[in-house]
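A look at the structure
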Amino acid sequence: MKYLSSLKDKNLSKQICLLRLDFNITNADLRGYQRGFIPRINLCGGLTRKTPLRLQSVLPTIKFLIERGAKVMILSHRGRPKIKSKIPACAKASAGRKNQKSKIQFKIQNDLSLKPFVKILSKLLKKPIHFITLKELGLINKTREKIKNSPAGSVFVLENLRLMAGEEKNNKKFAKQLASLGNLYINDAFSVSHRKNASVVAITEFLSSYAGLLLEEEIKNLSRAMKNPKKPLVIIVGGAKISDKIGAIKNFLKRANYILIGGGIANTFFAAQKLSIGKSLYEKEMIPTVKKLLKSRKIILPIDLAIKKRKILDIGLETAKKYAEIIEKAKTIIWNGPMGYIEDKRFAKGTEAIAQAIIKSQAFSIVGGGETTSIMSKVAFAKQIPGGSCQKSKVFISSGGGAMLEYLAGKKLPGLKTLNNI
Ligand code: ADP
Ligand code: MG
């Protein structure tokens, strides 16, 4: 693996760096930013309530590049545009608005455009940022010249990659076209590194490729928990579906000391034990797999529950207490997935209790997953943890949900495998 940090003493003024980031933040977060909200940078690595970690945590890589004189072209996706199959190639993407169909296409495109990031990033980086539209990407020679002729340290943002059909198909031709805009590729989007997309995988065939500063942090922290973790190693798994997490659970069955189960996942275990779960969320097809897991004494299930209208919606107080005691003794913790239906405050208590126990613990902890990290941030913020003590609690907030689970399942992520290609 080649790390961008290894270029720290280099002058990069001759480089045009294509930097793959993940700007896939929610519309709510985006609106907050557009209202002029300037994020707080704290010492906890982004544990502030309103800061979308995704954005905050990639600033060091952008700054690293511009401070060394490089020109930066940011590549990212946002959302899941439904129109992608109708757009054959990037050059055609901005074609005529003549018929109704193309009007609809443009509406969806605007919703998911990366254009708002121009303003947001220029505030954060205190410099003008340029936007490259799909039409400009179509006129690739002209755009290449524009980037080449820009001053050192210029930053460009390319329109949402998923608006181009080649991206999710890992299309080589499209990747080559993208690659022709620069001479160096940097992946700082761990959260998409499990996806075989053109801007993550195919592009590395055409450019010398490096892992960015955030990706380096991810790899170092996750591999620290995977290889020779300090024991006791406690895994906490919750969330909606066990099918998403089974790979990671199986991979840790031997190495972990305890696997604490909560959320909808626990319901599938109860169903496998033939306990009545009423109308609770569970996965029927996973019962045979779960039955095998039940043979392990490392699997710890809730001992009491919060129930409403025949639905199990959270772990109970006794369970939260029991789990917190195990967490207190842990030296390494990995947590993914809430303990209950956190969208309703009344059923977020179990999850909050776990977050508090982890913050209190002295263990090296990794927390990942969209909902899980958002609760973790809220709890950390509510407790007003000053930077120092937060650092002591050694919590690493992973930027990857699915990517983190695949990594922890022992899979080789396609976007990481290719970073030593050229
Ligand atoms: P993450 O985004 O942190 O990876 P998941 O996406 O796996 O987590 O799961 C989060 C979702 O699981 C939340 O929307 C939450 O409401 C749901 N969930 C957890 N436990 C339950 C439960 N007992 N009943 C219904 N939904 C649940
Ligand atoms: Mg989720």
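Calculation criteria
- Residues numbered from 1 in each chain as written.
- Chains lettered and ligands numbered in written order.
- Predicted model: local features only at pLDDT ≥ 70, side-chain atom pairs only at ≥ 80, totals over all residues.
- Heavy atoms only, no water.
- Helix = DSSP H or I, 4+ residues; strand = E, 2+ residues; numbered from the N terminus.
- Buried < 20%, exposed > 50% of the residue type's maximum accessible area, 1.4 Å probe, protein only.
- Salt bridge = Lys/Arg side-chain N within 4 Å of Asp/Glu carboxyl O.
- Near = heavy atom within 4 Å.
- Polar contact = N/O pair within 3.5 Å; in protein donor to acceptor, adjacent residues only side chain to side chain.
- Areas by Shrake-Rupley, 256 points an atom, 1.4 Å probe, with all protein chains shown as cover.
- Core = buried A, V, L, I, M, F, W, Y, C linked by side-chain atoms within 4.5 Å.
- Contact = heavy atoms within 4.5 Å.
- Axes fitted to C-alpha atoms, helices over the stretch in contact; angles between N-to-C directions.
- Parallel < 35°, antiparallel > 145°, perpendicular 65-115°, else oblique.
- Left-handed = near helix turned anticlockwise from the far one by under 90°.
- 1 Å grid on protein atoms, 1.4 Å probe; cavity = no way out; pocket = protein on both sides within 12 Å on 5 of 7 lines; lining within 4 Å.
- Points joined across faces, edges and corners; volume = space filled by probe spheres on them.
- Nonpolar A, V, L, I, M, F, W, Y, C, P; charged D, E, K, R; others polar.
- Arc of directions from axis to C-beta.
- Pairing = 2+ DSSP bridges.

With that out of the way, let us pick up the overall build of the chain. Helix and strand content of the chain: 19 helices and 14 strands. Every one of the 422 residues in the chain was classed for burial, and the buried ones make up 56%.

With that settled, consider the pattern of salt bridges. Counted under the stated rule, the structure contains seven salt bridges. In this structure, aspartate 344 engages arginine 346 in a salt bridge whose closest nitrogen and oxygen atoms are separated by 2.6 Å. A relative accessible area of 18% places aspartate 344 in the buried class. Its relative accessible area of 45% is what places arginine 346 among the partly exposed residues. One salt-bridge network, in which partners are shared between bridges, spans Arg80, Arg162 and Glu168.

What follows deals with the site of ligand 1. Near ligand 1 lie 19 residues; those nearest to it are Lys245, Ile312, Glu343, Glu371 and Thr372. Residue isoleucine 312 places a main-chain N or O atom 3.0 Å away from a nitrogen atom belonging to ligand 1. Taking glycine 370, its main chain carries an N or O atom lying 3.2 Å from an oxygen atom of ligand 1. If ligand 1 stood free it would expose 580 Å²; the protein chains cover 83% of that surface.

Right, let's talk about the nonpolar core for a bit. Grouped together as the largest cluster of nonpolar side chains are 69 residues, with contacts concentrated most on Met73, Phe190, Ile203, Ile242 and Phe269. Each residue touching isoleucine 203, except ones within four places of it in the same chain, is listed here: Leu18, Leu75, Ala175, Leu178, Ala179, Tyr185 and Ala198. Counting 34 residues, the second-largest nonpolar core is a separate cluster that includes Ile66, Phe117, Leu124 and Tyr210.

The next subject is the packing of helix H14 (residues 317-329) against helix H15 (residues 349-360). Where H14 contacts H15, the two axes come as close as 9 Å, and the packing angle between them is 20°. Between H14 and H15, the angle falls in the class roughly parallel. Both H14 and H15 take part in a crossing whose hand is right-handed. Contacts between H14 and H15 involve Ala320, Tyr323, Ala324 and Ile327 from the former and Ala353, Ile354, Ala357 and Ile358 from the latter.

On to empty space enclosed by the protein. Tallied over the full model, the rule gives two cavities of 30 Å³ or more. Ile235, Ile236, Val237, Lys245, Ala248, Ile249, Phe252, Ile334, Asn336, Leu405 and Leu408 are the residues that line the largest cavity. Breaking the lining of the largest cavity down by element, the ones donating at least two residues are strand S7 (233-237), helix H11 (246-252), strand S12 (332-336) and helix H18 (402-408). Residues that form the lining of the largest cavity fall into these classes: nine nonpolar, one polar and one charged. Taken as a whole, the second largest cavity encloses approximately 50 Å³ of empty space. Asp22, Arg54, Ser57, Val58, Asp188, Ala189, Phe190, Ser191, Leu214 and Ser399 are the residues that line the second largest cavity.

Because each turn of an α-helix spans 3.6 residues, side chains separated by three or four positions end up pointing in the same direction. Where helix H9 (residues 172-179) is concerned, the buried positions are Phe174, Ala175, Leu178 and Ala179. Summarising the axial view, the buried residues of H9 lie within an arc of 135°, below the 170-degree limit, and thus occupy one face. Exposed residues lying more than 90 degrees from the buried face of H9 are Lys173 and Lys176. Buried-residue contacts for H9 involve strand S1 (16-20), strand S2 (71-75), helix H6 (134-138), strand S4 (155-158) and helix H8 (165-168).

Attention shifts here to the sheet that holds S2. Ordered in space as S3-S4-S2-S1-S5-S6, the six strands form an open sheet in which the pairing is parallel. Lying at the two open borders of the sheet, with one neighbouring strand each, are strand S3 (129-132) and strand S6 (208-211). Sheet twist, expressed as the mean angle between neighbouring strand axes with direction ignored, is 25°. In this sheet, S4 lies alongside S3 in parallel orientation, the contact comprising four bridges. From the neighbouring strand, histidine 130 faces S4, where its bridge partner is phenylalanine 156.

Below, the discussion takes up the side chain of serine 398. With respect to the helices and strands, serine 398 occurs in the loop between strand S14 (395-397) and H18. A polar side-chain atom of serine 398 sits 2.9 Å from a polar atom in the side chain of glutamate 218. Sequence-distant contacts of serine 398, defined by excluding residues within four places in its chain, comprise Phe190, Glu218, Ile366, Val367, Gly368, Thr373 and Met404.

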